[in-house]
Amino acid sequence: MTEHATDIGAAATGPAGPLTEAALDELAATAAGTAVVGLGESTRFSRETFEIRDQLFRRLVRDHGFRTLALQDSTDAAADLDRYVRGGAGSAASALNGSWRPWRTGQMVAALEWIRVFNLSHPDDPVRIFGVKPAQAHPDDYDAVLAHVARTAPERLAQLESHLYPIRTAHDTDEHVQRARGTHPGRPFADHARDALTLIESLTGNADDGDALARMRRILDFHQRSVAGSGSYAGEAVGWAETVIDREQSGRPVAFWDGIAHTCAAPVTLGLAPERGPQPTVGSLLRERYGSRYLSVAIGFHHGDLGVATVPDPSPEMLDARLGGTGLASCWLDLRHGARPQWHGPAKARVISGVYEPSRDSREYLFVDSLTDAFDVLVQVRSTSPVDRLS
């Protein structure tokens with residue numbers, strides 16, 4: 001963000017303007033009066049897109065009264081982050097131990113440390129963090145179930161291990177990603193979990209059966225709700241949106257961090273699943289609820305190294321290519337007020353997930369019927385580098 005500042009108002013009609021520090025201030029200021037701001041990234045692997053989102057969030061907190069951060073994570077994992085930023089013991093990295101893998105980065109550590117410092121200076125008005133997903137299974141649930149059977153029915157332990165050992169790997173690499181990479185052992189993880197639950201249910205008469213059953217049911221629920229188990233990349237939009245709405249009703253605006261396929265303010269069709277047609281998103285449900293008081297910001301990139309893959313220049317029909325035509329290292333475009341005709345109508349925007357393959361880059365996108373209905377503000381960095389993964 002080193003370009004010389006120009007007339008920021010020009011960004012409202014195009015071409016896109018440079019993303020200077022002043023532009024970030026201006027963009028954050030446009031969120032004043034909103035109920036929820038969706039800060040979506042086209043990928044979770046880019047250092048630059050994450051840092052832009054973080055810088056916007058800091059301005060929303062510091063200058064515009066935002067005190068709530070919603071994340072795509074479970075309520076229990078987010079509770080660990082919330083404890084840390086409110087002065088709890090440990091480090092930001094340790095607080096992230098139970099979080100969804102995309103959040104376990106050096107960039108997220110820096111974001112949490114900033115929130116913690118802010119909260120120490122504002123003890124009566126802190127930033128709070130919450131997850132939009134229900135509590136879910138963690139690796140220690142598998143350990144507890146295995147230990148229970150080792151104590152109470154050791155002759156059944158090998159059978160249980162045959163079900164739980166393969167599927168606990170989903171906590172390191174999602175099942176659908178394992179399938180895409182060719183490392184999946186074959187049988188659906190939800191089927192293994194159902195058989196494991198049947199085994200646990202057959203063992204009765206012990207005082208701690210109830211805890212083992214509860215943990216095993218949580219494990220099954222985790223695998224049934226996963227992308228592979230549900231057969232959908234869309235997540236559970238209704239439940240996640242309701243969680244955000246419940247928190248916003250506490251009286252403070254919410255910043256919602258997720259991918260653009262979730263924060264998009266209109267239904268989306270994914271290039272990897274076109275047969276499913278347009279699917280509701282969290283952002284589309286928030287737009288129905290709040291109208292223009294839901295602000296949808298899409299942060300993307302043109303090309304570069306994501307660590308997991310090197311992404312080529314986008315094909316010409318992609319939104320990413322149109323924005324990249326500015327030649328700027330980073331730029332932004334406000335679509336809400338007088339956007340020129342070339343920004344209206346259908347659009348494809350890149351979505352780079354854990355199953356991305358450069359060879360099928362032209363299919364790695366979301367499609368919307370109307371760009372100006374889907375996103376209020378577009379932000380792009382031209383070249384990207386990988387986030388710093390925590391070990």
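Residues numbered from 1 in each chain as written. Predicted model: local features only at pLDDT ≥ 70, side-chain atom pairs only at ≥ 80, totals over all residues. Heavy atoms only, no water.

A. Layout of the overall build of the chain. Summing up its helical and strand segments, the chain has 16 helices and 12 strands in all. Here the C-alpha coordinates of the chain stretch approximately 75 × 50 × 35 Å along the principal axes. Out of the 391 residues in the chain, the part that is buried amounts to 53%. Pairs at least 24 apart in sequence give 75% of the contacts found in the chain among residues at least 6 apart. Of the accessible surface of the chain, which amounts to about 15,900 Å², a share of 51% is contributed by carbon and sulfur atoms. Computing the positive centroid from 40 side-chain charges and the negative centroid from 51, the chain places the two 1 Å apart. (Helix = DSSP H or I, 4+ residues; strand = E, 2+ residues; numbered from the N terminus. Buried < 20%, exposed > 50% of the residue type's maximum accessible area, 1.4 Å probe, protein only. Contact = heavy atoms within 4.5 Å. Areas by Shrake-Rupley, 256 points an atom, 1.4 Å probe, with all protein chains shown as cover. Lys, Arg positive; Asp, Glu negative; His and termini not counted. Charge placed at Lys NZ, Arg CZ, Asp CG, Glu CD.)

B. Main features of helix H3 (residues 75–85). Ala77, Ala78, Leu81, Asp82, Tyr84 and Val85 are the residues of H3 that are buried. Projection of H3 onto a plane perpendicular to its axis shows the buried side chains occupying an angular sector of 160°, all on one side. On the buried face of H3, the contacting elements are strand E3 (68–74), helix H4 (92–95), helix H5 (106–121) and strand E4 (128–133). Taken from the residues just after H3, Gly87 is the one with a positive phi, measuring 100°. (Arc of directions from axis to C-beta.)

C. Spatial organisation of helix H14 (residues 282–290). Among all positions of H14, only Val282, Gly283, Ser284, Leu286, Arg287 and Tyr290 are buried. Buried residues in H14 make contact with strand E2 (36–41), helix H12 (237–248), strand E5 (254–259), helix H13 (260–263), strand E7 (294–305) and helix H16 (371–374). A positive backbone phi angle near 60° is found at Gly291, which sits one or two residues after H14.

D. Region of interest: the side chain of Ser99. Mapping Ser99 onto the fold places it in the loop between H4 and H5. We classify Ser99 as buried; its relative accessible area is 2%. If near-sequence neighbours (up to four positions away) are discounted, Ser99 is found in contact with Asp73, Ala77, Leu81 and Arg104.

E. Looking closely at the sheet that holds strand E10 (residues 347–350). If you trace the three strands from one edge of the open sheet to the other, you get E6-E11-E10, paired in antiparallel fashion. Lying at the two open borders of the sheet, with one neighbouring strand each, are strand E6 (269–270) and E10. (Pairing = 2+ DSSP bridges.)

F. Representation of the packing of helix H9 (residues 189–202) against helix H10 (residues 209–225). Where H9 meets H10, the axes come as close as 8 Å, and the angle between the chain directions of the two elements is 165°. With respect to H10, the element H9 is oriented roughly antiparallel. Handedness of the crossing formed by H9 with H10: left-handed. Of H10, the residues touching H9 (which contributes Phe189, Ala190, Ala193, Arg194, Ala196, Leu197, Ile200 and Glu201) are Ala212, Leu213, Met216, Arg217, Leu220, His223 and Gln224. Split by residue class, the contact of H9 with H10 holds 10 nonpolar, two polar and three charged. (Axes fitted to C-alpha atoms, helices over the stretch in contact; angles between N-to-C directions. Parallel < 35°, antiparallel > 145°, perpendicular 65-115°, else oblique. Left-handed = near helix turned anticlockwise from the far one by under 90°. Nonpolar A, V, L, I, M, F, W, Y, C, P; charged D, E, K, R; others polar.)

G. Region of interest: the pattern of salt bridges. Here the structure, examined in full by the defined rule, presents 27 salt bridges. The salt bridge partner of Arg86 is Asp82, with a shortest N-O separation of 2.8 Å. We note a salt bridge from Asp141 to Arg218, for which the minimum N-O separation is 2.8 Å. With Asp141 in helix H6 (residues 139–152) and Arg218 in helix H10, the pair connects residues that are 77 residues apart, well separated along the chain. We classify Asp141 as buried; its relative accessible area is 2%. Judged by its relative accessible area of 30%, Arg218 is partly exposed. (Salt bridge = Lys/Arg side-chain N within 4 Å of Asp/Glu carboxyl O.)

H. Structural view of empty space enclosed by the protein. Scanning the model with the defined rule gives five cavities of 30 Å³ or more in all. What the largest cavity holds in volume is close to 100 Å³. Lining the largest cavity are 14 residues, with Ala298, Gly300, Leu319, Asp320 and Leu323 sitting closest to its centre. Going through the elements one at a time, E7, helix H15 (319–324) and strand E12 (377–384) are the ones with two or more residues in the lining of the largest cavity. (1 Å grid on protein atoms, 1.4 Å probe; cavity = no way out; pocket = protein on both sides within 12 Å on 5 of 7 lines; lining within 4 Å. Points joined across faces, edges and corners; volume = space filled by probe spheres on them.)

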